[in-house]
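# Architecture and fold: a report
One-letter residues, chain by chain:
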Amino acid sequence: MTRLLAALVGWACLFLSGAAAWGADRPKGDLASTTSTEEVEIRLGYHGEEILIYGSLPDRAEVAIKVLSPPEVLTIRRKGRWGPFWTFVESVRVEGVPGLFKVYTSGPLDEIPAAIRARYGIDHSFSAVRRQARFRSPDSLIFGGYLDEMIALKEGRGLFEVREGSVEKIKGRLFRTMFHLPAAAPTGTYRVEVYAVRDDRVIGVDRGEIRVEKVGLQRWLTRLAGEHSGLYGALGVVLAVVWGVGSVILFKEKGVHG
Amino acid sequence: MPVEPKASNTMEVYLPIAGVSVNLFLLLALGAAVGFLSGMFGVGGGFLLTPLLILIGVPSTVAAASAANQIAAVSASAALLHSQKGNVDFRIGGLGSLGSLAGALMGVWSVRALHESGSADFAIRFGYVVLLGSLGIFMARESFRALRGGLKRGSSQIVLPAILARWRSSWPLQVPLGEGSVSALLPVAIGVVVGLLAALLGVGGGFLMVPAMVYLLGMPVLMVVGTSLFQIFFTMLSVTFLQAVTNHTVDLVLAVLLMLGSTVGARFGVGTGTRMRAAELRMLLSFLVLGVAVMMLAGLVTPPRQPLVLSTEPPGG
């Protein structure tokens, strides 16, 4: 709630400054963007986040926004028949694919020349993802098929997305869109790239970052489990003993048999 | 603006190790339901908990390891109560626990090897189908007989303990048990099997240990439940620790929520269970067990809606 409020305040400030700049000798062709938050904190009740991306844009320009998370190392496993059962029959490892990749535009993507779409990685086929994917597996030679299915899977989970016309333009000078970060999205520093396109050319690029990090208990537990797994295991043991003995003392519980 | 707002008042809780966000009340209800059943039927409930966690989206390896932690807590209180009444044979329980530790070590390493080859999920699900399927059929048959024909016993059940009695007294390393003695190898062997199942499937193994202690060890029935609970407690503690160190699959947030739910649920279950006839209770439980087995089997033999599964690793890992 507070974040939304902050976004609205930020939005209002921007609107005012934009209005102020209207009269000033502001050079045309300026692109400026920001996000309602630069840090997303994963706490106990975390279930994703809505982030406002907004800013000012040059006259008559269209906007395309790309948001991507750091690349991951993925194992893709395929289920197939094994006797009467369905189990994993094939697996490939792929590197360089971002966990999240989203494109938001103010107008139809077709109105942007194909060369620009390809160069900036703003197209329906996720060509930027395809270019950077590196397969590390001798198992299979049909990597293209894996990529198609992986992209479809990530689209289904809201991690990959292309939304045309989702960026709202206000009075031709301001823009805003809502970026939905799903709970399953990875942690790390996300890149936000905003492109202003006019007359089949990119006339401005602005970049920003959003950090998605576990904080508090989430961070502590994850670190402990990864870096001091012995201590973490001991914590689980102590917890079980204290809980078991504690509930006997507290409730004078009747026996629960195993 | 073409952006649909997301409801922010859902009570989701993010599980740091599982890496998924699940509904808090669903999780508490699950813990309570399993606690209720374990209180009612006198079972650990791990055999139900792990499959149900898998069904709501928790990765199977995390489900099995975190359930182990929850069962350790539940069996700790039950074992403590039994030991206060003097119903725990610490010698046999201790030997069994040693065996469990060895079995758990083997199990945890198998999980790791299976995980690396990508077949851990299949192995866990398949293990459940076999275990619950055979257990369910056995229990259903037994309780059906008891409900219909009273206490008529099959001849095999009389002959079997007689043969075993000869075996267990002729094997080396005799330790005292009740009025007789038993080879120390037997409780250790039972422990190894239980530890292996515990690490692989996240079950306490009480359903296996109770008949094994009665028929293989010839332990006085009064001591069996308390001793098996003591051993379950120790087994699950070892599994929790070993899974945390070897496979990083224990989710403490998940475990605590399950403990919370099951502690409450068990209290209502005990009351309900004592008002029902034992045979009816077992019949009901066998249906439950068979139901879970059929559901898991269906998941294995029906074509998956999504044949591809993605798993991420830390870069360089």
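What you see is a predicted model, and the numbers here were worked out from it, not measured in a lab.

Moving on, we get to the overall build of chain A. Counting its secondary structure elements, chain A contains six helices and 13 strands. Classification of the 258 residues of chain A by burial places 49% in the buried group. The contacts in chain A between residues at least 6 apart in sequence include a share of 71% that link residues at least 24 apart.

This paragraph deals with the overall build of chain B. The helix and strand tally for chain B stands at 11 helices and five strands. Across chain B, contacts joining residues at least 24 apart in sequence account for 76% of those joining residues at least 6 apart. Accessible surface, chain B as shown: approximately 13,800 Å² in total, 70% of it carbon and sulfur.

By a widespread convention, an interface's size corresponds to the accessible area lost as its parts come together. Contacts between the two partners involve 65 residues from chain A and, on the opposite side, 75 residues from chain B. The interface formed by chain A and chain B contains zero salt bridges. If you look at where chain A meets chain B, you find nine residue pairs in polar contact (both at pLDDT 80 or more). Taken together, the elements giving at least two residues each to the side of chain A that touches chain B come down to β5 (71-82), β6 (85-98), α4 (143-156), β11 (174-181), α5 (216-227) and α6 (229-251) of chain A. No other element matches the 17 residues that α6(A) contributes to the side of chain A that touches chain B. Class assignment for the residues of the side of chain A that touches chain B results in 30 nonpolar, 19 polar and 16 charged.

Once that is clear, we can look at the sheet that holds strand β1 (residues 32-35) of chain A. All names here are of chain A. Strand order across the open sheet formed by four strands is β1-β3-β11-β10, with antiparallel pairing between neighbours. Two strands lie at the open edges of the sheet, namely β1 and β10 (168-170), each paired on one side alone. Each strand of the sheet is rotated relative to its neighbour by a mean of 20°, with strand direction disregarded. In terms of strand pairing, β10 meets β11 through three bridges, oriented antiparallel. Pairing of E168 across the sheet is with R176, part of β11.

A few words now on the environment of I51(A). All names here are of chain A. The topology assignment puts I51 in strand β3 (residues 49-56). For I51, a relative accessible area of 0% corresponds to the buried category. Distance in space between the C-alpha atoms of I51 and T37 is 6.6 Å, their sequence separation being 14 residues.

Time to look at the side chain of N69(B). Here N69(B) shows up in helix α3 (residues 60-84). Using a relative accessible area of 0% as the deciding quantity, one classes N69(B) as buried. Apart from the residues within four sequence positions on either side, N69(B) is in contact with G236(A), A240(A), T240(B), V250(B), L252(B), A255(B) and M259(B).

What follows deals with the packing of aromatic side chains. With the rule as written, the count across this model stands at 11 aromatic pairs over all chains. The interplanar angle of 70° and the centroid separation of 5.8 Å between the aromatic rings of F101(A) and F126(A) together place this pair among those described as edge-to-face. With a gap of 25 residues between them, F101(A) in strand β7 (residues 101-105) and F126(A) in the loop between α2 (114-120) and α3 (127-132) connect regions that are remote in the sequence. Measuring from centroid to centroid gives 5.7 Å for F122(B) and F126(B), while their planes differ by 15°, and the two rings are stacked. Of the two residues, F122(B) and F126(B) both sit in helix α5 (residues 120-149), four residues apart, roughly one turn of that helix.

So, on to the nonpolar core. By size, the foremost hydrophobic cluster in this structure holds 57 residues, and its most contacted members are I65(A), V67(A), F179(A) and L181(A). The element that contributes the greatest number of residues to this core is strand β12 (residues 188-198) of chain A, accounting for six residues. Beyond its immediate chain neighbours, meaning those up to four positions away, V67(A) contacts I53(A), L100(A), F101(A), K102(A), Y104(A), F179(A), Y190(A), R191(A) and V192(A). If you look at the next biggest cluster of nonpolar residues, it comprises 53 residues, including A225(A), A18(B), L48(B) and V129(B).

Pairing between side chains becomes possible if they bear opposite charge and their charged atoms approach one another. Residues and elements named next belong to chain A. Taken as a whole and assessed by the stated rule, the structure comprises 15 salt bridges over all chains. Here R78 ties to E149 by a salt bridge, and the two come within 3.0 Å at their closest N and O atoms. Residue R78 is located in strand β5, and its partner E149 is located in helix α4; the two are separated by 71 residues in the primary sequence. On the basis of relative accessible area, R78 is assigned to the buried category, the value being 17%. Put simply, E95 and R134 hold a salt bridge, and the shortest N to O gap is 3.8 Å. Of this pair, E95 sits in strand β6 while R134 is found in strand β8 (residues 134-135), placing the two residues 39 residues apart along the sequence. Since its relative accessible area comes to 16%, E95 is described here as buried. Salt bridges sharing partners connect three or more residues here, namely K66, R191, E193 and R207.

What counts as what
Residues numbered from 1 in each chain as written. Chains lettered and ligands numbered in written order. Predicted model: local features only at pLDDT ≥ 70, side-chain atom pairs only at ≥ 80, totals over all residues. Heavy atoms only, no water. Helix = DSSP H or I, 4+ residues; strand = E, 2+ residues; numbered from the N terminus. Buried < 20%, exposed > 50% of the residue type's maximum accessible area, 1.4 Å probe, protein only. Contact = heavy atoms within 4.5 Å. Areas by Shrake-Rupley, 256 points an atom, 1.4 Å probe, with all protein chains shown as cover. Salt bridge = Lys/Arg side-chain N within 4 Å of Asp/Glu carboxyl O. Polar contact = N/O pair within 3.5 Å; in protein donor to acceptor, adjacent residues only side chain to side chain. Nonpolar A, V, L, I, M, F, W, Y, C, P; charged D, E, K, R; others polar. Pairing = 2+ DSSP bridges. Axes fitted to C-alpha atoms, helices over the stretch in contact; angles between N-to-C directions. Phe/Tyr/Trp six-rings, centres within 6.5 Å; stacked < 30°, edge-to-face > 60°. Core = buried A, V, L, I, M, F, W, Y, C linked by side-chain atoms within 4.5 Å.

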